[in-house]
Amino acid sequence: MGRQSQRKGAAGEKELAQHLRRAGYSVSWGGNRTFGKVPDVSGLPGIHIECKRVEQLNLVRAVKQAVTDASRFQDGAPTVFHRRNSSPWLVTMQLQDWLKLYG
């Protein structure tokens, strides 16, 4: 991954953390040099956050990464928070996990 892509990803993670904090959640950003040793953003109860700030997202691959990381970190349902330039944040998760949260 190139430096520009890494910077954009880190900026997206910080932006998402700020949005969640403004919404009242006590979350923290994992940092830009952790290389997967900690979650992108953590502290949202019951949710493992995989943050993607890209124009062309392979959503299936991103969800697969979220599933793997959620299992590794044991921090909640695998969830992908993602957005493109000039677009709102979107949230994608597996239906089975959504039903557990909503039910």
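A quick note: this is a predicted structure, and the numbers were derived from the prediction, not measured. For every chain, the first residue of its written sequence is number 1, and the numbers climb from 1 along that sequence. Two thresholds apply to this predicted model, a pLDDT of at least 70 for residue-level local features and 80 or more for giving and counting side-chain atom pairs, whereas whole-chain, interface and lining totals are computed over all residues. Excluding hydrogens and water, the side-chain figures rest on all heavy atoms present in the structure.

1. So, the packing of aromatic side chains
Two rings belonging to Phe, Tyr or Trp (six-membered ring only in the last case) form a pair when the distance between their centres is within 6.5 Å. Interplanar angles under 30 degrees mark stacking, angles over 60 mark edge-to-face geometry, and anything in between is tilted. Overall, the coordinates contain one aromatic pair when judged by the stated rule. Ring centres 4.9 Å apart and planes at 5° place the aromatic pair Trp98 and Tyr102 in the stacked group. On the criterion of helical spacing, the pair formed by Trp98 and Tyr102 is a turn pair, its members being four residues apart in helix α3 (residues 95-102). You can call Trp98 partly exposed: its relative accessible area is 39%. Relative accessibility thresholds used throughout: buried, under 20% of the residue-type maximum; exposed, over 50%; partly exposed, between the two (1.4 Å probe, protein chains only). With relative accessibility at 65%, the residue Tyr102 sits in the exposed group. Under the DSSP-based scheme used, a helix requires at least four consecutive residues in state H or I and a strand at least two consecutive residues in state E, with every element numbered from the N terminus.

2. Notes on the pattern of salt bridges
Each salt bridge in this description consists of a side-chain nitrogen of Lys or Arg and a carboxyl oxygen of Asp or Glu lying within 4 Å of one another. Under the defined criterion, the tally for this structure stands at six salt bridges. Two residues, Glu55 and Lys8, come together in a salt bridge whose shortest N-O distance is 3.8 Å. With Glu55 in the loop between β3 (47-53) and α2 (59-73) and Lys8 in helix α1 (residues 3-22), this pair connects stretches of sequence that are 47 residues apart. With a relative accessible area of 28%, Glu55 lands in the partly exposed category.

3. Structural notes on α1
Working note: α-helix, 3.6 residues per turn, so residues spaced by three or four point in the same direction. How far a helix is expected to stretch is found by multiplying one less than its residue total by 1.5 Å. Compared with an ideal rise of 1.5 Å per residue, which puts 20 residues at 28 Å, α1 spans 29 Å between its outermost C-alpha atoms and is within 8% of the ideal. Of all the positions in α1, only Ala10, Gly12, Glu13, Glu15, Leu16, Ala17 and Leu20 are classed as buried. In the segment just after α1, Gly24 is the residue with positive phi, at about 100°.

4. Here we look at the pairing of strand β4 (residues 77-83)
Counted residue by residue, β4 has seven buried out of seven residues, so it is predominantly covered. Here β4 shows two buried faces, one formed by Ala77, Thr79, Phe81 and Arg83 and the other by Pro78, Val80 and His82. Any two strands between which DSSP finds at least two bridges are classified as paired. Sheet topology places β3 next to β4; seven bridges connect them, and they run parallel. Across the sheet, the residue bridging to Ile47 is Ala77, located in β4. The handedness rule is simple: strands pointing away from the viewer, and a clockwise path from the first strand over the helix to the second, make the crossover right-handed. Each parallel crossover has a hand, and the one from β3 via α2 to β4 is right-handed. Bridge count between β4 and strand β5 (residues 90-93): four bridges; the pairing is antiparallel. Bridge pairing in β5 links Val80 to Thr92. Connecting the antiparallel pair β4 and β5 is a turn made up of six residues, with Ser86 showing a positive phi of about 55°.

5. Topic: the side chain of Asp69
Counting through the fold element by element, Asp69 comes out in helix α2. Here, residues are in contact when the closest pair of their heavy atoms is within 4.5 Å. If near-sequence neighbours (up to four positions away) are discounted, Asp69 is found in contact with His48, Glu50 and Gln74.

6. Some thoughts on the nonpolar core
We define a nonpolar core as any set of buried Ala, Val, Leu, Ile, Met, Phe, Trp, Tyr and Cys residues linked to one another through side-chain atoms lying within 4.5 Å. Leu16, Leu20, Val41, Leu44, Ile47, Ile49 and Phe81 are the most contacted members of the largest nonpolar core, which has 13 residues in total. When residues of this core are traced back to their parent elements, those giving at least two are α1, β3 and β4. Once residues within four sequence positions are removed from consideration, Val41 is found in contact with Glu13, Leu16, Ala17, Leu20, Val27, Ser28 and Ile49.

By themselves these figures say nothing about function.
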